[in-house]
Amino acid sequence: MRGPLPSDLPKSRDGYHWTPHDGVSQGLPTLAAIRPETNVNSPRQVYDVIVVGAGYAGLTAARNAVREGLNVLLLEARDRIGGRTWSSNINGYAFELGGTWVHWTQPHTFREVYHYNMKDELEISQNYTTGVNHFQLITSDGVKTMSHLAEDKLLESAVKKFVDIDGNLGRTVMPFPHTPAYNPDVAKWDKLSMADRIEQIKDDLTPAEKAALEGFVLLCSGGTPENTGFYDILRWWALGFYTYQGVIDTCVTFKFHCGQSGFAKRFFDEAAGSKKFSYIFNCPITAIKDNGKTVQVTAQSGRQFTASRLVCTIPLNVLSTIAFDPPLPKAKQEAVKIGQINLCSKVHAEIRDRDLRSWSAIAPYDKLVYAFGDGTTPAGNTHIVAFGADLNPLHPEDDIETTKGAFNHLAPMDVQRLVFHNWARDEYSQGAWCMFAPSVGTTFLDALRARHGNILFANSDWATGWRGFIDGAIEEGARAAQMVQQELVDPHPTPRTQIVGSKLMFPSIILYEHSLLAPGYSRSYLCYMKLRSKVQLQAPDPKP
Ligand SMILES: Cc1cc2nc3c(=O)[nH]c(=O)nc-3n(C[C@H](O)[C@H](O)[C@H](O)COP(=O)(O)OP(=O)(O)OC[C@H]3O[C@@H](n4cnc5c(N)ncnc54)[C@H](O)[C@@H]3O)c2cc1C
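The structure displayed is predicted, hence computed values, not measured ones.

Rules used throughout
Along each chain, the written sequence defines residue order, and numbers are assigned to residues from 1. Local features in this predicted model are restricted to residues whose pLDDT is 70 or higher, and side-chain atom pairs enter the listing and the counts only when it is 80 or higher, whereas totals over whole chains, interfaces and linings include all residues. A helix here means a DSSP run of H or I that spans at least four residues, while a strand means a run of E at least two residues long, and both kinds are numbered starting from the N terminus. Note that the radius of gyration is over C-alpha atoms, with the globule rule given as 2.2 Å times the number of residues to the power 0.38. Each residue is classed by its C-beta neighbour count within 10 Å, where at least 20 other C-beta atoms makes it buried, 12 or fewer makes it exposed, and intermediate counts make it partly exposed; the C-beta atoms are placed from backbone geometry. Contact criterion: two residues are in contact if their C-beta atoms, reconstructed from the backbone, are within 7 Å. Note on definitions: a residue is near a molecule or strand provided its C-beta atom, placed from the backbone, lies within 6 Å of it. Throughout, the ten residues Ala, Val, Leu, Ile, Met, Phe, Trp, Tyr, Cys and Pro are labelled nonpolar, Asp, Glu, Lys and Arg are labelled charged, and all others, Gly among them, are labelled polar. A domain assignment, automatic or from a database, supplies the domain bounds used here. UniProt positions are given in the numbering used here, feature names are shortened, and annotations may be inferred rather than shown by experiment. Think of it this way: DSSP has to see at least two bridges between two strands before they count as a pair. To define axes, lines are fitted to C-alpha atoms, for helices over the stretch in contact only, and angles between the resulting N-to-C directions are given on a 0 to 180 degree scale. The path from the first strand over the helix to the second decides the hand: if it runs clockwise while the strands point away from the viewer, the crossover is right-handed. This arc is taken over the directions from the axis of the helix to the C-beta atoms. Expected helix span is taken as 1.5 Å per residue step, with the number of steps being one fewer than the number of residues. The scheme is simple: roughly parallel for angles under 35 degrees, roughly antiparallel for over 145, roughly perpendicular for 65 to 115, oblique for anything else. Handedness of each helix crossing follows the sense of rotation of the near helix against the far helix: counterclockwise by less than a right angle gives left-handed, clockwise gives right-handed.

### Remarks on the overall build of the protein chain
Thought 1: In terms of regular secondary structure, the protein chain is built from 16 helices and 21 strands.
Thought 2: For a compact globule of 544 residues, the expected C-alpha radius of gyration is about 24 Å, and the protein chain comes in at 25 Å, within 12% of that figure.
Thought 3: C-alpha atoms of the protein chain, sized along the principal axes, occupy 80 × 55 × 50 Å.
Thought 4: A buried classification covers 48% of the 544 residues belonging to the protein chain.
Thought 5: Partitioning the intrachain contacts of the protein chain with sequence separation of at least 6 by distance along the chain shows that 72% fall at a separation of at least 24.

So this is what it looks like as structure tokens:
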């Protein structure tokens, strides 16, 4: 159990807070709020790179480009970093408004966890040691109370039936979740929605399995049974090692004690430590024009900025608000028009009841479909996190009584505080984590990932691996920065044959290393180091 966190932080205008004493207010204290909002006095004429968006994709792209010695301008519409992932410290406790849980099987995230020496800052959300220690399934038939072991058994059995499309729990159809189209058969399954798949297996499911499965899949998608694509659920399943426990471990278990903004701030601070890094917050972008040699962006304020390359990390559901010149290719436009379907709600409640620390519930047809004890606040209260889906939309800021009622419908509780961010109504995300409708993944992923002249697109919404996760955002930011590096820093890389051939030159190169004291050694030494790093970076030859 670690100590309380600092609470005396600047406020972002994002997020909402409610207590019986103060009512609802907008804006939350957070490490993510950046003051002053800019470090730019007189903008450069032409930057190397402009990065639009300071979520994890933008922070990674900007930081990596700065590391390469490039002049970077980061432009962000909000007053804070983190995009769909940020936390607020309230009375010494971190409430996660968006992205929360990470896992060591998320390679891009864990590389950063190690880079910032934060592996010991993780904690486990669930605590099934004290209190009621049970799960409740809530349907119109009443409330079924069972142990967490029975909860796991129920969900495991139901989810296995859902994903078992090949007699191999999905492994044959999707052997590589990072390359989901590896087996072309997957396109057939991508036509199905969650509702279609449940219809196929309904006779195989007990009523409890069906209800638990519906709650679980709606938790994953934040949509409706009709618009949730089966393919994305199968992808999560594959990423979770084709096991129910794997999905729970990877998606809702390990979080930072300091909150996600403590992690994101490390990225920002590293970039800000360089003189090459400029940033402007409160700077929404409205237009992006590629002039062939340079790219010009126009902000809502009318200010314009120019760079050799632009990394656009604006989320899928927001891209239609930007005027691109030349216009985006047809396939990308189509994908943008369809968008992603996750309009979930995520609401935190601080409650007096300590016994509910070990409680969890699924109520598939309610405004909150999934909830569990997520921590204990420094005041000794229980923190409950709850999720709703678009099937039954909840906008807590409109109606606190309905929101408290939704918690109390799950279990009687004495709500002392609510904390939330309404992602469905958020202008700069227009949805939560990315979930695709049927056929979108197999039809549009390549188009979404494609560049448009000097404009590169990087966002978790079209990552290949943990798409819709923090890991996917970091993957994408790193991809964009690498492309920029290859084009602006290292535009004429040594051809592969020469690099491989250079291994033979090692003895003579080593001689350079030993002639460090000779005049002109430093250039030779640097040449050698560069060559050596290239040799090490070579991918092994593909197997015949
Ligand atoms: C409720 C919720 C729960 C989640 N839970 C998890 C989880 O537990 N684990 C996990 O790994 N992931 C989770 N995710 C997903 C994860 O948060 C996202 O996938 C990830 O943060 C996306 O990062 P990004 O940088 O790709 O996009 P974003 O974070 O959306 O960043 C894009 C940035 O662009 C900015 N922007 C938009 N429009 C403009 C404009 N016109 N001008 C300038 N800037 C603009 C936005 O303000 C934003 O800062 C969750 C998300 C939500 C919402």
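### Focus on the site of the ligand
Thought 1: Taken together, 39 residues sit near the ligand, with G53, G55, G83, G99 and F469 positioned nearest.
Thought 2: For the shell around the ligand, the element with the highest residue contribution is helix α13 (residues 470–489), accounting for 4 residues.
Thought 3: Split by residue class, the shell around the ligand holds 20 nonpolar, 14 polar and 5 charged.
Thought 4: The two domains that each donate at least three residues to the shell around the ligand are domain 1 (29–122 + 257–340 + 433–489) and domain 2 (127–252 + 343–428).

### Brief notes about the UniProt feature "binding site: substrate" (unreviewed entry) in the protein chain
Thought 1: What UniProt calls "binding site: substrate" (unreviewed entry) maps, in this numbering, to F387.
Thought 2: Relative to the assigned elements, F387 resides in strand β19 (residues 382–388).
Thought 3: Owing to 21 C-beta atoms within 10 Å, F387 belongs among the buried residues under this scheme.

### Observations concerning the sheet that holds strand β20 (residues 415–420)
Thought 1: Read from one edge to the other, the open sheet built from 9 strands follows the order β2-β1-β20-β16-β19-β18-β17-β8-β9, with strand pairing classed as mixed. Sheet topology places β2 (23–29) and β9 (142–146) at the edges, where each strand pairs with a single neighbour. The mean inter-strand angle of the sheet, taken between neighbouring strand axes irrespective of direction, is 25 degrees.
Thought 2: Bridge analysis of strand β8 (residues 135–139) against strand β17 (residues 360–362) gives 3 bridges, and the strand direction is parallel. Each bridged residue has a counterpart across the sheet, and for L137 the counterpart in β17 is I362.
Thought 3: Where helix α11 (residues 400–410) meets the sheet, it contacts β1 (11–19), β2, β8, β16 (345–351), β17, β18 (370–376), β19 and β20, and its direction lies at approximately 110 degrees from that of β20.

### Remarks on the pairing of strand β3 (residues 47–52)
Thought 1: Buried residues dominate β3, accounting for 6 of its 6 residues.
Thought 2: Pairing of β3 with strand β4 (residues 72–75) involves 4 bridges; the strand directions are parallel. Considered in β4, the bridge of V49 is made with V72.
Thought 3: With respect to chirality, the unit in which β3 leads through helix α1 (residues 56–67) into the neighbouring parallel β4 is right-handed.

### A look at the domain arrangement of the protein chain
Thought 1: Here the protein chain is partitioned into domain 1 (29–122 + 257–340 + 433–489) and domain 2 (127–252 + 343–428).
Thought 2: In this complex, domain 1 contributes 26 residues to the contact, which on the side of domain 2 involves 31 residues.
Thought 3: Within the residue set of the side of domain 1 that touches domain 2, elements represented by two or more residues are β5 (87–90), β6 (93–96) and α12 (440–449).
Thought 4: Per-element accounting of the side of domain 1 that touches domain 2 gives the leading share, 3 residues, to α12.
Thought 5: Its residues assigned to classes, the side of domain 1 that touches domain 2 shows 13 nonpolar, 11 polar and 2 charged.

### What about the UniProt feature "binding site: FAD" (unreviewed entry) in the protein chain?
Thought 1: The feature "binding site: FAD" (unreviewed entry), as given by UniProt, occupies E76 and A77 in the numbering adopted here.
Thought 2: Looking at the element boundaries, E76 is found in the loop between β4 and β5.
Thought 3: In contact with A77, other than residues within four places in its own chain, are C283, P284 and Y428.

### Regarding unusual backbone geometry
Thought 1: Cis geometry is found at the peptide bond from R35 to P36, where omega equals -10 degrees.
Thought 2: Following the sequence through the fold, P36 ends up in the loop between β2 and β3.
Thought 3: In this structure, P326 follows D325 across a cis peptide bond, with omega equal to -5 degrees.
Thought 4: Positionally, P326 belongs in the loop between β15 (323–325) and α10 (330–338).
Thought 5: Phi angles above zero are rare outside glycine, and N91 is one such case at about 50 degrees.
Thought 6: Following the sequence through the fold, N91 ends up in the loop between β5 and β6.
Thought 7: With 14 C-beta atoms packed within 10 Å, N91 lands in the partly exposed category.
Thought 8: A positive phi is found at Y242, a non-glycine position, where the angle reads about 60 degrees.
Thought 9: For Y242, the position within the fold is in the loop between α7 (230–239) and α8 (244–251).

### A word on α8
Thought 1: Along α8, the residues classified as buried are Y244, V247, T250 and C251. All buried residues of α8 fall inside an arc of 140 degrees around its axis, so they share one side.
Thought 2: For α8, the secondary structure elements touched by its buried residues are α3 (148–163) and α7.

### Looking at the pairing of β19
Thought 1: Counting buried residues in β19 gives 7 out of 7 residues, a clear majority hidden from the surface.
Thought 2: Neither face of β19 is open: one carries T382, I384, A386 and G388, the other H383, V385 and F387, and all of them are buried.
Thought 3: Bridging between β16 and β19 involves 7 bridges; their strand directions are antiparallel. When the sheet's bridge partners are listed, A349 is paired in β19 with I384.
Thought 4: Taken together, the 6 bridges between β18 and β19 define a ladder with antiparallel strand orientation. In the strand pairing of β19, G373 is matched with I384.

### A closer look at helix α6 (residues 207–221)
Along an α-helix, residues three or four apart share an orientation, since each turn contains 3.6 residues.
Thought 1: Over its 15 residues, α6 extends 21 Å from the first C-alpha to the last, a length consistent with the 21 Å expected when each residue adds 1.5 Å.
Thought 2: Of the residues flanking the end of α6, it is G222, one or two places downstream, whose phi is positive at about 65 degrees.

### Observations regarding the environment of L74
Thought 1: Along the polypeptide, L74 turns up in strand β4.
Thought 2: Not counting the four nearest positions on each side in its chain, L74 is found in contact with V51, A54, G58, A62 and Y279.

### What to know about the environment of D414
Thought 1: Inspection of the secondary structure puts D414 in the loop between α11 and β20.
Thought 2: In this view, D414 contacts I351, R352 and D353; residues no more than four positions away in its chain are not counted.

### A short note on the packing of α1 against helix α9 (residues 260–272)
Thought 1: Between α1 and α9, the shortest axis-to-axis distance is 9 Å and the interhelical angle comes to 30 degrees. The angle between α1 and α9 falls in the class roughly parallel. When you trace α1 past α9, the crossing you get is left-handed. Contact residues: α1 offers Y56, L59, T60, A62, R63 and V66, while α9 offers A264, F267, F268, E270 and A271.

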